[in-house]
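# Residue-level structure breakdown
Here is what each chain is made of, one letter per residue.
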Amino acid sequence: MMKPPTNVYRLAVVCLYLCLISCSAETAHSPDGYNFDTPVKLPVKQALSEISGICFPSGNSNFLYAIEDERGKIYTVDLISGAATDYPFGKKDDYEDLASYQQKLYVLNSRGTINSLTIPTGEAPAFTVLTTFEGIVPAAEYEGMCVANDSLYVLCKESSSVDAKHNLALYPFKIDEAGDLIPGTIIQPVTENIKGGKNNRKQKILPSAIAKNPVTGQWYILSGVNKMLLVYNEQFEFVNNYQLDAGMFGQPEGITFNNKGDLYISNEANGSDANILSFTYQPGK
């Protein structure tokens, strides 16, 4: 007759079970289709140490547009060499993000003011401001912006007019043929009970950037202060959140995708050089 398991045996089984759970939790830190353990790291020049936003030109290319949060300059960053060329467009300000649509570039400052710029073509020497949109969003602090579905989405970091502790505030604008912005209805994706950090405690989300995955249709939102990535489906229903490795993501402030679904996240200098990390989209992984 087989003897019942000893206490030592039971303890070994429990330890193995807990180890398996722990290992699974440690490896499940990347969204479907990406591996956050294997980025391609692209250092950027000193002028972009405060890089605050990135985007691809419409139709995509082998370079990114970037902006930093002090100078009124647009930077084009080569994705192979990291070389950056700057183009002045305006005065110093607290610039937070930018987004491309057709032959226009939209630049956001922290107060919610948006500048519409023409994108240089041919021998055109610089970006030119076409329109300045002021007061089109409520008074608050803004950090993120992206273009998707022929609309511009402006992301509020924190505001007294919305429940910023539990909900993100996202303002959509339809872009008409003239490039003007037609306001839509505010979107408030729920963030209640999202946990993270070393002690897996409830987090107050302070978003720093937003982008839509063109392949999966999912929305990716960075919360740079607590180094988290939130993923929502196309209808802004919560899917999952991921804690970002502080050693890899120094200060994540910008996010974008190319048309293949490859993910790019920019980090301001925070104890090391500023950089752009890229992650190849691999369906089914």
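As the structure is a computational prediction, the values presented were derived from the model and not from experiment. (Residues numbered from 1 in each chain as written. Predicted model: local features only at pLDDT ≥ 70, side-chain atom pairs only at ≥ 80, totals over all residues. Heavy atoms only, no water.)

### A short note on the nonpolar core
The biggest cluster of nonpolar side chains holds 19 residues, and the ones touching the most others in it are Tyr34, Phe36, Tyr220, Leu229, Phe249, Ile255 and Leu263. Those residues in contact with leucine 229, other than ones at most four positions away along the chain, are Pro31, Phe36, Tyr220, Ile221, Leu222, Asn240, Asn241, Tyr242, Leu244 and Ile255. Among the nonpolar cores identified, the runner-up in size contains 17 residues, and Leu108, Val154, Tyr171 and Leu181 belong to it. (Core = buried A, V, L, I, M, F, W, Y, C linked by side-chain atoms within 4.5 Å. Buried < 20%, exposed > 50% of the residue type's maximum accessible area, 1.4 Å probe, protein only. Contact = heavy atoms within 4.5 Å.)

### A short note on the environment of asparagine 193
Considering the arrangement of structural elements, one finds asparagine 193 in the loop between strand 13 (181–183) and strand 14 (195–196). Since its relative accessible area comes to 53%, asparagine 193 is described here as exposed. Along the chain, asparagine 193 and glutamine 203 lie ten residues apart, while their C-alpha atoms are 7.4 Å from each other. (Helix = DSSP H or I, 4+ residues; strand = E, 2+ residues; numbered from the N terminus.)

### Side note on the pairing of strand 7 (residues 104–109)
If a strand is regular, its side chains alternate between the two faces of the sheet. The buried count for strand 7 comes to five of six residues, which makes it a mostly enclosed element. The pairing of strand 6 (residues 95–101) with strand 7 spans six bridges and is classified as antiparallel. For alanine 99, the partnering residue across the bridge sits in strand 7 and is tyrosine 106. Between strand 6 and strand 7, which pair antiparallel one after the other, the connecting turn spans two residues, and glutamine 102 there sits at a positive phi close to 50°. Summarising the sheet, strand 7 and strand 8 (residues 114–118) pair through five bridges and their orientation is antiparallel. (Pairing = 2+ DSSP bridges.)

### Observations concerning the sheet that holds strand 18 (residues 228–232)
As summarised here, the arrangement of the four strands in space is 16-17-18-19, forming an open sheet in which the pairing is antiparallel. Taken across any chain shown, the strands that pair with only one partner, and hence form the sheet edges, are strand 16 (209–212) and strand 19 (238–243). Mean inter-strand twist for the sheet, computed between neighbouring axes without regard to direction, equals 15°. Inspection of the sheet shows strand 16 paired to strand 17 (residues 219–223) by four bridges, in the antiparallel sense. What sits directly across from isoleucine 210, in strand 17, is isoleucine 221. (Axes fitted to C-alpha atoms, helices over the stretch in contact; angles between N-to-C directions.)

### Notes on the side chain of serine 30
With respect to the element layout, serine 30 can be found in the loop between helix 1 (7–27) and strand 1 (40–43). For serine 30, the side chain forms a polar contact with the main-chain nitrogen of phenylalanine 36, separated by 2.9 Å. (Polar contact = N/O pair within 3.5 Å; in protein donor to acceptor, adjacent residues only side chain to side chain.)

### Quick word on the sheet that holds strand 11 (residues 151–158)
Spatially, the four strands line up as an open sheet ordered 10-11-12-13, and their pairing is antiparallel. For this open sheet the edge positions go to strand 10 (141–148) and strand 13, each flanked by a neighbour on one side alone. Adjacent strand axes in the sheet meet at a mean angle of 30° when their direction is disregarded. The pairing of strand 10 with strand 11 spans seven bridges and is classified as antiparallel. Bridge pairing in strand 11 places cysteine 146 opposite tyrosine 153.

### Description of the pattern of salt bridges
A full pass over the atoms with the stated rule returns seven salt bridges. Note that lysine 73 is salt-bridged to aspartate 86, the shortest N-O span being 3.6 Å. Here the residue lysine 73 occupies a position in strand 4 (residues 73–78), and aspartate 86 occupies one in strand 5 (residues 84–88), the gap between them amounting to 13 residues. For lysine 73, a relative accessible area of 27% translates into the label partly exposed. (Salt bridge = Lys/Arg side-chain N within 4 Å of Asp/Glu carboxyl O.)

As far as function goes, none of this settles anything; it's purely spatial.
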